[in-house]
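# Chain and residue survey
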2 protein chains.
Amino acid sequence: MKIYVVGIGPGDSKFMTPAAKAAIEKSDVIAGYTLYVDLIKDMTCGKEIRATSMKKEVERCRMALDACLEGKTVAFVCSGDAGVYGMAGIMCQVAEEHPEVEIEVVPGITAACSGAAVLGAPLIHDFAVISLSDLLTPWEKIEKRLKLAAEADFVLVLYNPKSKKRVMHLDRAVELVGMSRDMNTPCGYVKNIGREGERGTVCTLAELSGNDDIDMFTTVFIGNSQTEVINGRLVTPRGYRDV
Amino acid sequence: MKIYVVGIGPGDSKFMTPAAKAAIEKSDVIAGYTLYVDLIKDMTCGKEIRATSMKKEVERCRMALDACLEGKTVAFVCSGDAGVYGMAGIMCQVAEEHPEVEIEVVPGITAACSGAAVLGAPLIHDFAVISLSDLLTPWEKIEKRLKLAAEADFVLVLYNPKSKKRVMHLDRAVELVGMSRDMNTPCGYVKNIGREGERGTVCTLAELSGNDDIDMFTTVFIGNSQTEVINGRLVTPRGYRDV
């Protein structure tokens, strides 16, 4: 009775670990959000698919649990890392009354890491990862995190910077970070990481504001006080000594 | 003229992406810290090895650059993700005067992700990654980050929690976090992630202090105000609504 909660990475199979591939191959049932199940369709031939559309996270976990309780081995797939804003947590919560179900989380490359690689090396020093989605988190809490993380001089990685309904959150985030960081701070963003149309852009903190190029498939990076642009790459030095 | 800066993941080849494997295979020269080059010795047969011992980061990057300038394709290997406290940054700095050298960062699974998977799902909400090594960063700066990140209710991931010389830093970190977080907050740590002797332990914030089980090969996780233990797993809920 086993559920693998599998991070398949950003999309391209070259970023999927052998451990993730093996978990999918060992499973009878593939569960997950339709779009992600579709990303691995080359690997799911002959397997039972239990997919649901967006925003039905709890339902999807229950489906995976039910399949497992029927005696099947289940791979519950997530994009990026299943453990970073992923389904690994809800899966553990939904299966709480079934301690006999073994849940194995198989890590994947999350957008902070795959996006950083596209831009250069922005995460060489301490960083904070913040989602700007206030669907499940009060916006005041997100504002507080942005403000304090900026004050602490963390490099910032922003997930879910925008959606169709949330168009102003990123501008507000830039405003909050700008209270303790220069508006010329080197920043960057990456669209469609590891998928068709991948594109990284290096810019300033000011240029993140009112930026129509940034959408829901974008991950945003805000440099710390030491971050610089070297040959077009966003680079945060490791420490405070000269190289 | 190309240098791949390659994150090979925590150690076990099942966590190394096909992109990392391909970069190593395409390269003439393998550069890196002796220990990491050794981790991939199955893949380096017939290739030229240029390895140095610990703490010679800049020298290692210069060696990689020299090999590249000789016309060779180089894979510079790092454990975890080359872009998280890794060599991708120094490599860009050292190669600054050679914009003709193409540097491609190949992301890997960093300890925050691989360690979280061992413990359960601690990183389902906003988190901050902090290194407790004050070798290149003033300790006051690290203290400030710990304090503000705790105040902001981030889940915390601590890299380099101890070394032979730094034995008290983690205790001080616990003290600082404890100023704004309950000492019973669910926490955890993972030793030897993805290597022989891997072991995850769930504990409280108080139990991280004076803990002799934690060493330099350990990654530490401190839950936020919502983190709980479910069937022995460390789980941070995704939001503030009930499942």
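## Section: helix 3 (residues 57–69) of chain A
Residue and element names in this part refer to chain A. For helix 3, with 13 residues, the first-to-last C-alpha span of 18 Å sits near the 18 Å given by 1.5 Å per residue. Buried within helix 3 are the following residues: E57, R60, C61, M63, A64, L65, A67 and C68. Each element contacted by the buried residues of helix 3 is listed here: strand 1 (2–7), strand 2 (29–33), strand 3 (48–52), strand 4 (74–78) and helix 4 (88–94). Of the residues trailing helix 3, G71 is marked for its positive phi of about 100 degrees.

## Overview of the packing of aromatic side chains
Residue and element names in this part refer to chain A. Within this structure, the stated rule accounts for 4 aromatic pairs over all chains. Pairing Y85 with Y159 gives two aromatic rings, centres 5.2 Å apart and planes at 50 degrees, and the pair type is tilted. Here Y85, found in the loop between strand 4 and helix 4, pairs with Y159, found in strand 8 (residues 155–159); they are 74 residues apart in sequence, far enough to count as distant. Residues Y85 and Y159 agree in their burial class; the two are buried.

## Looking at the interface of chain B and chain A
Tallying the contact residues gives 72 residues for chain B and 72 residues for chain A. When chain B packs against chain A, close to 6,300 Å² is buried across both sides, 62% of that on carbon and sulfur atoms. Summed over the shared surface of chain B and chain A, the number is 8 salt bridges. When the shortest N-O distance is used, the salt bridge between A:D153 and B:K141 registers 2.6 Å. For the interface between chain B and chain A, the tally reads 28 residue pairs in polar contact (both at pLDDT 80 or more).

## Remarks on the relation of the copies chain B and chain A
You can overlay chain B on chain A at an RMSD of 0.0 Å; the transform is a turn of 180 degrees with a shift of 0.0 Å along its axis. The symmetry that links the two subunits is that of a two-fold axis. Of all interface residues in chain B, 100% are interface residues in chain A too; the two copies therefore contact each other through one and the same surface.

## Things to note about the environment of B:T204
Residues and elements named next belong to chain B. Within the secondary structure, T204 sits in strand 10 (residues 199–204). With 20 residues separating them in the primary sequence, T204 and N184 have C-alpha atoms 5.0 Å apart. Here T204 is in contact with M183, N184, T185 and C187, once residues within four sequence places are set aside.

## What to know about the nonpolar core
Formed by 52 residues in total, the largest nonpolar core has its most connected members in A:L208, B:L158 and B:L208. Discounting chain neighbours no more than four positions away, the residues touching B:L208 are B:L170, B:D171, B:V174, B:C187, B:Y189, B:C203, B:I214, B:V220 and B:I222. Judged by nonpolar contacts, the second largest core, of 36 residues, contains A:C113, A:A116, A:L119 and A:F221.

## Section: the pairing of strand 3 of chain A
In this structure, strand 2 of chain A lies alongside strand 3 of chain A, joined through 5 bridges in parallel fashion. From the neighbouring strand, A:I30 faces strand 3 of chain A, where its bridge partner is A:I49.

## Notes on the sheet that holds strand 5 (residues 102–106) of chain A
Residues and elements named next belong to chain A. What the 5 strands build is an open sheet, ordered 3-2-4-1-5; its pairing is parallel. The outermost strands of the open sheet, each flanked by one partner alone, are strand 3 and strand 5. Taking each pair of neighbouring strands and ignoring which way they run, the sheet shows an average axis angle of 20 degrees. Two strands pair when backbone bridges link them, and strand 2 and strand 4 are joined in this way by 4 bridges, in the parallel orientation. Bridging across to strand 4, G32 finds its partner in V77. Of the strands in this sheet, strand 1, strand 2, strand 4 and strand 5 touch helix 1 (residues 18–26), which is tilted by about 140 degrees from strand 1.

## Describing the confidence of the model for chain A
Counting all residues, the mean pLDDT for chain A is 94, and 98% of those residues have values of 70 or more. Overall fold confidence for the complex sits at a pTM of 0.97, while the interface term, ipTM, reaches 0.96.

## Examining the packing of helix 6 (residues 139–151) of chain A against helix 6 (residues 139–151) of chain B
Two numbers describe how helix 6 of chain A lies on helix 6 of chain B: the axes approach to 9 Å, and their chain directions differ by 180 degrees. By the angle between their directions, the pair helix 6 of chain A and helix 6 of chain B is classed as roughly antiparallel. On helix 6 of chain B, the residues that touch A:K144, A:L148 and A:E151 of helix 6 of chain A are B:K144, B:L148 and B:E151. Counted by class, the contact of helix 6 of chain A with helix 6 of chain B contains 2 nonpolar, no polar and 4 charged residues.

## Looking at the environment of A:L158
Residue and element names in this part refer to chain A. Secondary-structure assignment places L158 in strand 8. Taking the C-alpha atoms as reference points, L158 and T219, separated by 61 residues in sequence, lie 5.9 Å from one another. If sequence neighbours within four positions are ignored, L158 has contacts with I130, L132, L146, L170, A173, T218, T219, V220 and I222.

## Thoughts on the pattern of salt bridges
Between side chains of opposite charge, a pair can form as their charged atoms come close. Under the definition given, this model contains 34 salt bridges over all chains. With a closest N to O distance of 2.9 Å, A:D126 and B:R145 form a salt bridge. On the criterion of chain membership, the pair formed by A:D126 in the loop between strand 6 (120–121) and strand 7 (127–131) and B:R145 in helix 6 is interchain, its members lying in two chains. The buried category is assigned to B:R145, whose relative accessible area is 0%. Close ionic contact of A:R199 with A:D213 constitutes a salt bridge, the shortest N to O distance being 3.0 Å. Of this pair, A:R199 sits in strand 10 (residues 199–204) while A:D213 sits in the loop between helix 8 (205–208) and strand 11 (218–222); the two residues are 14 residues apart in sequence, bridging distant segments of the chain. Salt bridges here are not isolated pairs; linked through shared partners, they connect A:D126, A:D153, A:R181, B:K141 and B:R145.

Rules used throughout
Residues numbered from 1 in each chain as written. Chains lettered and ligands numbered in written order. Predicted model: local features only at pLDDT ≥ 70, side-chain atom pairs only at ≥ 80, totals over all residues. Heavy atoms only, no water. Helix = DSSP H or I, 4+ residues; strand = E, 2+ residues; numbered from the N terminus. Expected span 1.5 Å × (residues − 1). Buried < 20%, exposed > 50% of the residue type's maximum accessible area, 1.4 Å probe, protein only. Contact = heavy atoms within 4.5 Å. Phe/Tyr/Trp six-rings, centres within 6.5 Å; stacked < 30°, edge-to-face > 60°. Buried area = accessible area lost by both parts, 1.4 Å probe. Salt bridge = Lys/Arg side-chain N within 4 Å of Asp/Glu carboxyl O. Polar contact = N/O pair within 3.5 Å; in protein donor to acceptor, adjacent residues only side chain to side chain. Least-squares fit on C-alpha atoms with pLDDT ≥ 70 in both. Core = buried A, V, L, I, M, F, W, Y, C linked by side-chain atoms within 4.5 Å. Pairing = 2+ DSSP bridges. Axes fitted to C-alpha atoms, helices over the stretch in contact; angles between N-to-C directions. pLDDT = per-residue confidence, 0-100. Parallel < 35°, antiparallel > 145°, perpendicular 65-115°, else oblique. Nonpolar A, V, L, I, M, F, W, Y, C, P; charged D, E, K, R; others polar.

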